[in-house]
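Okay, here's what each chain looks like letter by letter:
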Amino acid sequence: MKALIGMSGGVDSSVAAYLMLQQGYACEGATMQLYTGQDTGCCDTSAVADAGAVAARLGIPFHVLDLSREFRSRVMDHFASSYESGLTPNPCVECNRHLKFGKFLQSALALGCDCIVTGHYARIRQTADRYLLCKAVDEAKDQTYFLYSLTQHQLRHTRFPLGELTKAEARAIAEQQGF
């Protein structure tokens, strides 16, 4: 099995990549570049550099996916117009829906990957006829509320290795691995 790891350079995505390698997956890393030439703290140029360094440390190929146009139209513009209309939009939900589990997944499949992997604290269970999004073991870190809109196709092609861990366990693995 081949996996494209969504990497931010942070603890959670680094541990997710490590765990997938330990499970025998052929892994490649990728970062979504959401801004061009700006340092904002979220998927910016320093995050790209950090993620690339972790991928190099793990010995896996690394890609930068420029999704800045899609981020502006699908997340930022949507947020602004919704907010101006008196709504309270959640940009993380839109980013997950359209970018992480939309464009990122499309890129993974185009690269010949079977699945994408993220550092979200959530779990996926397969029943006889469908996939279920389930809360993480660490309820204090559970992120399923950001992921409620995932489709069956997206769930089938996604892995959340941190869903079975607590944040403390993930940090311990990161420390052991020098992340």
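Keep in mind that what you see is a predicted model, and the values were worked out from it rather than measured. Numbering of residues starts from 1 in every chain and runs along the sequence as written. It should be noted that, the model being predicted, local features are given only for residues of pLDDT at least 70 and side-chain atom pairs only at 80 or more, the latter also being counted only at that level, while totals for whole chains, interfaces and linings use all residues. Computation of side-chain values: all heavy atoms of the structure, hydrogens and water removed.

Attention now moves to the environment of E139. Looking at the element boundaries, E139 is found in the loop between β6 (131-134) and α5 (152-156). Expressed as a C-alpha distance, the spacing of E139 and T36, which sit 103 residues apart in the sequence, is 35 Å. Only runs of H or I of at least four residues qualify as helices and only runs of E of at least two qualify as strands under DSSP, and these elements are numbered from the N terminus.

Between any two strands, at least two bridges found by DSSP are needed for them to pair. The five strands are arranged β3-β2-β1-β4-β7 in an open sheet whose pairing can be described as parallel. Looking at strand neighbours, the two that pair on one side only are β3 (62-66) and β7 (158-159), the edges of this open sheet. Bridging between strand β2 (residues 26-33) and β3 involves five bridges; their strand directions are parallel. Residue pairing in the sheet places Q33 in a bridge with D66 of β3. Residue contacts are defined here by distance: any two heavy atoms, one from each residue, within 4.5 Å place the two residues in contact. An axis is simply a line fitted to the C-alpha atoms; with a helix, the fit covers only the stretch in contact. Between two such axes, the angle follows the N-to-C directions and lies from 0 to 180 degrees. This element, helix α1 (residues 11-22), spans β1 (2-6), β2, β4 (115-117) and β7 of the sheet and lies at about 170 degrees to β1.

Let us now look at the side chain of T144. Looking at the secondary structure, you find T144 in the loop between β6 and α5. In protein, a polar contact requires one atom able to donate a hydrogen and another able to accept it; more generally it is a pair of N or O atoms within 3.5 Å, and residues adjacent in sequence count only if both atoms are side-chain atoms. Side-chain polar atoms of T144 contact the side chain of D142, separated by 2.7 Å. Filtering out sequence-adjacent residues up to four positions away, T144 remains in contact with Y121, A122, L133, C134 and K135.

Axis separation between α1 and helix α6 (residues 167-177) bottoms out at 9 Å; the angle between their running directions is 75 degrees. By the angle between their directions, the pair α1 and α6 is classed as roughly perpendicular. Packed against α1, whose contacting residues are V11, D12, V15, Y18 and L19, the element α6 presents K167, A170, R171, I173, A174 and Q177 at the interface. What sets the label is the angle itself: under 35 degrees gives roughly parallel, over 145 gives roughly antiparallel, 65 to 115 gives roughly perpendicular, and the rest give oblique.

A word on the packing of aromatic side chains. Pairing of aromatic side chains requires ring centres within 6.5 Å, counting the rings of Phe and Tyr and the six-membered ring of Trp. Pairs whose planes differ by under 30 degrees are stacked, by over 60 edge-to-face, and all others tilted. For the structure shown, the criterion picks out four aromatic pairs. When the ring of F79 is compared with that of Y83, the centres are 5.8 Å apart and the planes differ by 10 degrees; the resulting orientation is stacked. Of this pair, F79 and Y83 both sit in helix α3 (residues 68-84), four residues apart, which is roughly one turn of that helix. When the centroid spacing of 4.3 Å and the interplanar angle of 40 degrees are considered together, the rings of Y145 and F146 count as tilted.

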